[in-house]
Amino acid sequence: MNMKNLSKMAAIAAVLVAGFSACSSDDEVNTSVVTGTQEALNQACADWKTARANWEQSEAFLFGAADVYSIDPHTDTWPVAANDLAEVLRDASAMSNLDNFIKTANSGILGYHGIEYVLFRGGEPRQISQFTNLEYQYACAVAKDLYNATATLEAAWDSQESNKARHQIALDYVSSHYAIDDDGNQEGTLDGFTNFGKQFKNPGTGDWDTALEATREIISGCRDIIGEVGDSKIGLPYTGEDANYIESPYAYNSIIDFYDNIVSCKNALYGAVGATAPTQNSLLYFCLNTNITTLKSQAQTVQTKLETALAKIQSMKHPFALYYTDASCKVAIDALGELDEALGAMDNTLGEYADDATVKAQCQKINENYVDNVVLVTYRTLANNAEKLYQSILKIKAQ
């Protein structure tokens, strides 16, 4: 999620009227350097990268809870409004009022990239001697909120509602956070809790009227992130249209982000997290083994273009923050464009079989597998590692 129209004065004003719960029990905000170890800060950075990878591998399915509950903009707005964040982190009055702001507003100073800003510089962990108590308090509060957001994603796609603790976190989250528009502004309270996993498995009960419609949403989710990576994440800096439009620039994590975004597509199409070949109840397996000649040929093209796109991203000159005009960027952009085109063709052919009983039955199996073995597994891992990140950040300060 990008956010290019942030107002500095609005962001600061919102902070000043909110509320905050610090990690420390001290009533007085401490502006001195935190008492902690470099090893603890390094571990927090490592855990940020793990949690970050989990999030990027979820971006092929930003529909459902991530969209409806505004979790994507709330946790993944970028570029960071660095000047605003730097001011807030040094403003004792603002920092003492941060908790309610974190819950109810979105800006470029929150989420993964806000945490990244205080943890990293030049692709490396910050020096503990430069890490202030204000930065510590901020990182703790944002990381806790980030965990609550990811726990909400897990609960919202768990059709069995098997984790009662995270289900309660989700109920609390949707009752205390606000909807966010494309410019980062609040636009009212969130709707009540919805189990999107149940809806996706049971067409006609929610956003998807038929099994085929839900299956085609899998493709649409992939195409959305493929287009964003190629046209925006890589394309805007590469073309010079917006040289500041660089994701994860402080951790030098951009190319890893891009790669993991396309891994999310691979997982979605292959039917399992980490699958190296399409699994039996996956969308791509069905298309590759169908008797529909055109669909089979198109699926073969998708598989080839997918692997090519991953390889071309991996071959980009690193770090992207320094080499975003390198020729390797254009190669990756072109490969992503070809993958998007191939998926579009496969999607169009699938759409022609809305009344085919065999396709309907197979789509039902694809959707059930997708919820349980792709979306839920990804979000559960994400929530586990976001919780680990929060605990690691707590431990930066010596107790």
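What counts, and where the lines are drawn
- Residues numbered from 1 in each chain as written.
- Predicted model: local features only at pLDDT ≥ 70, side-chain atom pairs only at ≥ 80, totals over all residues.
- Heavy atoms only, no water.
- Helix = DSSP H or I, 4+ residues; strand = E, 2+ residues; numbered from the N terminus.
- Buried < 20%, exposed > 50% of the residue type's maximum accessible area, 1.4 Å probe, protein only.
- Polar contact = N/O pair within 3.5 Å; in protein donor to acceptor, adjacent residues only side chain to side chain.
- Pairing = 2+ DSSP bridges.
- pLDDT = per-residue confidence, 0-100.
- Contact = heavy atoms within 4.5 Å.
- 1 Å grid on protein atoms, 1.4 Å probe; cavity = no way out; pocket = protein on both sides within 12 Å on 5 of 7 lines; lining within 4 Å.
- Points joined across faces, edges and corners; volume = space filled by probe spheres on them.
- Nonpolar A, V, L, I, M, F, W, Y, C, P; charged D, E, K, R; others polar.
- Disulfide = S-S within 2.5 Å.
- Axes fitted to C-alpha atoms, helices over the stretch in contact; angles between N-to-C directions.
- Parallel < 35°, antiparallel > 145°, perpendicular 65-115°, else oblique.
- Left-handed = near helix turned anticlockwise from the far one by under 90°.

(A) Spotlight on the side chain of His113. In this fold, His113 is placed in helix H8 (residues 111-119). Given a relative accessible area of 1%, His113 falls into the buried group. Of the polar contacts made by the side chain of His113, one reaches the side chain of Arg52; its length is 3.2 Å.

(B) Focus on the pairing of strand E4 (residues 186-189). In this sheet, E4 lies alongside strand E3 (residues 178-180) in antiparallel orientation, the contact comprising 2 bridges. Looking at E4, one finds that Tyr178 is bridged to Thr189.

(C) The arrangement of the confidence of the model for the protein chain in detail. For the protein chain, the average pLDDT comes to 90, and 90% of its residues sit at 70 or higher. Scored below 50 in pLDDT, residues 3-28 makes 58 contacts in the model with residues more than four places away or belonging to other chains.

(D) Region of interest: empty space enclosed by the protein. Tallying each qualifying case throughout the model produces 2 cavities of 30 Å³ or more. Put simply, the second largest cavity is a space of about 40 Å³. As for the second largest cavity, its lining consists of His74, Thr75, Ile102, Leu110, Gly111, Val142, Asp145 and Leu146. At the level of secondary structure, the elements contributing two or more residues to the lining of the second largest cavity comprise helix H4 (71-76) and helix H9 (133-157). Of the residues that constitute the lining of the second largest cavity, the class distribution is 4 nonpolar, 3 polar and 1 charged.

(E) Region of the structure containing the state of the cysteines. Within the structure shown, the criterion is met by 0 disulfides. We note that Cys45 lacks a disulfide partner, and the nearest cysteine sulfur, in Cys140, lies 14 Å from it. Take Cys45: its relative accessible area is 3%, and that puts it in the buried class. The thiol of Cys265 is not disulfide-bonded; the next cysteine sulfur, from Cys222, is found 4.0 Å away.

(F) Summary view of the packing of H8 against H9. Interaxial distance between H8 and H9 falls to 9 Å at its minimum, and their mutual angle equals 155°. Comparing their axes, H9 and H8 come out roughly antiparallel. Read as a crossing pair, H8 and H9 show a hand that is left-handed. Here Gly111, Tyr112, Gly114, Ile115 and Val118 of H8 lie close against H9, whose contacting residues are Glu135, Tyr138, Ala139, Val142, Ala143, Leu146 and Thr150. Here the residues of the contact of H8 with H9 are counted per class, giving 8 nonpolar, 3 polar and 1 charged.

(G) Examining unusual backbone geometry more closely. Cis geometry marks the peptide bond from Trp78 to Pro79; its omega dihedral reads -5°. Cis geometry marks the peptide bond from His318 to Pro319, where omega comes out at -5°. Along the chain, Pro319 falls in the loop between helix H15 (293-314) and helix H16 (320-323). Within the chain, Ser70 stands out as a residue other than glycine whose phi angle is a positive 55°. Along the chain, Ser70 falls in the loop between helix H3 (65-68) and H4. Judged by relative accessible area, Ser70 falls into the buried class, the value being 4%. The residue Glu161 is not glycine, and still its phi comes out positive at about 50°. Relative to the elements of secondary structure, Glu161 occurs in the loop between H9 and helix H10 (164-176).

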